[in-house]
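Below, each chain spelled out in residue letters.
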Amino acid sequence: MALTLREIVAKLGGEAVGEAAAPLTGVATLDSAGPADITFLANPNYRGRLATTRAGAVILGPGDRDAGRMPRIVAENPYAYYARTVALFHPERKRTPGVHPTAQLAPGATVAASAEVGPYVVIGAGASVGEGAVIGAHCVLGDGVAVGADTRLHPRVTVYERCTLGARCIVHSGVVIGADGFGMAREAGGWLKIPQVGAVRIGDDVEIGANTAIDRGALDDTIVGDGVKLDNLIQVGHNCVIGAHTVIAGCTGISGSVTIGRDCLIGGGVGIVGHITICDGVTISGFSFVTKPITQPGTYTSGMPVMPHGAWLRNAAQLRHLDELARLVKKKAGEDRE
């Protein structure tokens, strides 16, 4: 596919500056772009690379309008504009409406005429697949599952019974939605399984990364709000509520009954203990450990940054004596007051 600056601006908006009729065939970084590529500048730290890039055009913000002489598109949000430009050059595969002959549909299952159901898909009784949805090969939809319009399930996604997904969601391979939450009651020296009879409700425009697991609720449902973006390998425990437009990076573990507000940013490898609430607008740095509720918006960090091993050993040795040191300081302060 080849597009000119003029054609890109006609589709996405922005302002074309300079030669707007030369064909462009792709999008690349400032370092790797060639004369037929369009690149982008979203981070001011890379501004100096405009002088050396071989790109045929660049996307940049109003503040960088005159930072280079090459053909350019001036956009209010160059990073978002870059994302939409990539989508222009790499459109999604068009769906092929219909049900593959090897798919298995239980009685009462319904598939919209415009939806695509791939090879060896299993759809349970009473389940529904909405208009324009795509269900990839080897997916399993349990009884009563509902998949919204234009939602795409990549191959080998499993959605347990009675769980629902909204419109325009993207669910990557290996995701499991609605497995039993980890609920056990202590009894006679052993563990009694607590039936998990809730479900999972996923809103519109949600993306779920590969091999992420979202457990069903014990009684109430686990809820993932509109526009939430979950990376790969995330564990969402039973009865969690994740607010709209929150983004969570990979390998984060969220214990049961956690409520996370809207518009939060949670880094990779974060651990969150159960039964706490995190308010709207919170950012949590990667590998932090959250043990208490967060009630004020802002950025929160825990953990010790990497350092040479010898320095870590010395610091760890000192940490063991912090309580003793605090007692000595308190005692000395009392003596001084006397």
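In this text, all values refer to a predicted model and were calculated from it rather than measured experimentally.

Caption draft 1: Focus on the sheet that holds strand β27 (residues 235-236). In spatial order, the strands read β7-β10-β13-β16-β19-β24-β27-β30-β33-β36; together these 10 strands make up an open sheet with parallel pairing. Among the strands making up the open sheet, the edge pair consists of β7 (104-105) and β36 (289-290). Here two bridges tie strand β24 (residues 213-214) to β27, and the two strands are oriented parallel to one another. When the bridges of β27 are listed, Ile214 appears paired with Val236.

Caption draft 2: Fine view of the pattern of salt bridges. Considering all chains together, one arrives at nine salt bridges under this definition. Between Glu92 and Arg152 there is a salt bridge; the shortest N-O distance is 3.4 Å. Of the two residues, Glu92 sits in the loop between α2 (78-89) and β6 (98-99) while Arg152 sits in strand β15 (residues 152-153), which places them 60 residues apart along the sequence. Judged by relative accessible area, Glu92 falls into the exposed class, the value being 56%. A relative accessible area of 14% places Arg152 in the buried class. The partner of Arg168 in a salt bridge is Asp205, and the shortest N-O contact between them spans 2.8 Å. With Arg168 in the loop between β17 (164-165) and β18 (170-171) and Asp205 in the loop between β22 (200-202) and β23 (207-208), this pair connects stretches of sequence that are 37 residues apart. With a relative accessible area of 43%, Arg168 lands in the partly exposed category.

Caption draft 3: Region of the structure containing the sheet that holds strand β14 (residues 146-147). What the nine strands build is an open sheet, ordered β8-β11-β14-β17-β22-β25-β28-β31-β34; its pairing is parallel. Sheet topology places β8 (110-111) and β34 (277-278) at the edges, where each strand pairs with a single neighbour. Taken together, the two bridges between strand β25 (residues 222-224) and strand β28 (residues 241-242) define a ladder with parallel strand orientation. Bridge pairing in β28 places Val224 opposite Ile242.

Caption draft 4: Quick look at the packing of helix α1 (residues 5-12) against α2. For the pair α1 and α2, the least separation of the axes is 11 Å and the interaxial angle reads 110°. Relative to α2, the element α1 lies roughly perpendicular. Crossing geometry of α1 relative to α2 is assigned as right-handed. Contact residues: α1 offers Ile8, Val9, Lys11 and Leu12, while α2 offers Tyr81, Arg84, Thr85, Leu88 and Phe89. Broken down by class, the residue content of the contact of α1 with α2 amounts to six nonpolar, one polar and two charged.

Caption draft 5: View of the nonpolar core. Among the nonpolar cores identified, the biggest contains 52 residues, and Leu153, Ile177, Ile202 and Ile272 are the most heavily contacted of them. When sequence neighbours within four positions are dropped, the list of residues in contact with Ile202 reads Thr164, Leu165, Gly166, Cys169, Ile177, Ile208, Ile214 and Val224. Counting 15 residues, the second largest nonpolar core, distinct from the first, contains Leu3, Leu5, Val9 and Phe40.

Caption draft 6: Expanded view of the side chain of Thr212. Counting through the fold element by element, Thr212 comes out in the loop between β23 and β24. A polar contact of 3.2 Å, which involves the side chain of Thr212, links it to the backbone nitrogen of Leu233. Contact partners of Thr212, with chain neighbours within four places excluded, come to Gly174, Val175, Val176, Leu230, Asp231, Asn232, Leu233 and Ile234.

Caption draft 7: Broad picture of the layout of surface pockets. Counted as a void, the largest pocket has a volume near 240 Å³. Along its surface, the largest pocket is lined by Ala83, Ala87, Glu92 and Lys229. Partitioning the lining of the largest pocket into residue classes produces two nonpolar, no polar and two charged. A volume near 200 Å³ is recorded for the second largest pocket. Taken together, 13 residues form the lining of the second largest pocket, with Glu92, Gly132, Val134, Asp150 and Arg152 sitting closest to its centre. Tallied by class, the residues present in the lining of the second largest pocket amount to four nonpolar, two polar and seven charged.

Caption draft 8: Structural context of the packing of aromatic side chains. Under the definition given, this model contains three aromatic pairs. Relative to Tyr79, the ring of Phe40 has its centre 6.0 Å away and its plane inclined at 50°; by these criteria the two rings are tilted. Residue Phe40 is found in strand β3 (residues 37-40), and its partner Tyr79 is found in helix α2; the two are separated by 39 residues along the sequence. Ring geometry for Phe40 against Tyr82: centres 3.9 Å apart, planes inclined by 20°, an arrangement best described as stacked. Taken together, the residues span a long stretch of sequence, with Phe40 in strand β3 and Tyr82 in helix α2 at a distance of 42 residues. The class for Phe40 is buried, based on a relative accessible area of 18%. The exposure class of Tyr82 is partly exposed, given its relative accessible area of 23%.

Caption draft 9: Main features of the pairing of β3. Residues of β3 alternate between two faces, with Asp37 and Thr39 on one and Ile38 and Phe40 on the opposite face, all of them buried. Two elements, strand β2 (residues 26-27) and β3, share two bridges in a ladder whose sense is parallel. Bridge pairing in β3 links Val27 to Ile38. Two elements, β3 and strand β4 (residues 57-60), share three bridges in a ladder whose sense is parallel. In the sheet register, Phe40 faces β4, and the bridge partner there is Ile59.

Reading guide: rules and limits
- Residues numbered from 1 in each chain as written.
- Predicted model: local features only at pLDDT ≥ 70, side-chain atom pairs only at ≥ 80, totals over all residues.
- Heavy atoms only, no water.
- Pairing = 2+ DSSP bridges.
- Helix = DSSP H or I, 4+ residues; strand = E, 2+ residues; numbered from the N terminus.
- Salt bridge = Lys/Arg side-chain N within 4 Å of Asp/Glu carboxyl O.
- Buried < 20%, exposed > 50% of the residue type's maximum accessible area, 1.4 Å probe, protein only.
- Axes fitted to C-alpha atoms, helices over the stretch in contact; angles between N-to-C directions.
- Parallel < 35°, antiparallel > 145°, perpendicular 65-115°, else oblique.
- Left-handed = near helix turned anticlockwise from the far one by under 90°.
- Contact = heavy atoms within 4.5 Å.
- Nonpolar A, V, L, I, M, F, W, Y, C, P; charged D, E, K, R; others polar.
- Core = buried A, V, L, I, M, F, W, Y, C linked by side-chain atoms within 4.5 Å.
- Polar contact = N/O pair within 3.5 Å; in protein donor to acceptor, adjacent residues only side chain to side chain.
- 1 Å grid on protein atoms, 1.4 Å probe; cavity = no way out; pocket = protein on both sides within 12 Å on 5 of 7 lines; lining within 4 Å.
- Points joined across faces, edges and corners; volume = space filled by probe spheres on them.
- Phe/Tyr/Trp six-rings, centres within 6.5 Å; stacked < 30°, edge-to-face > 60°.

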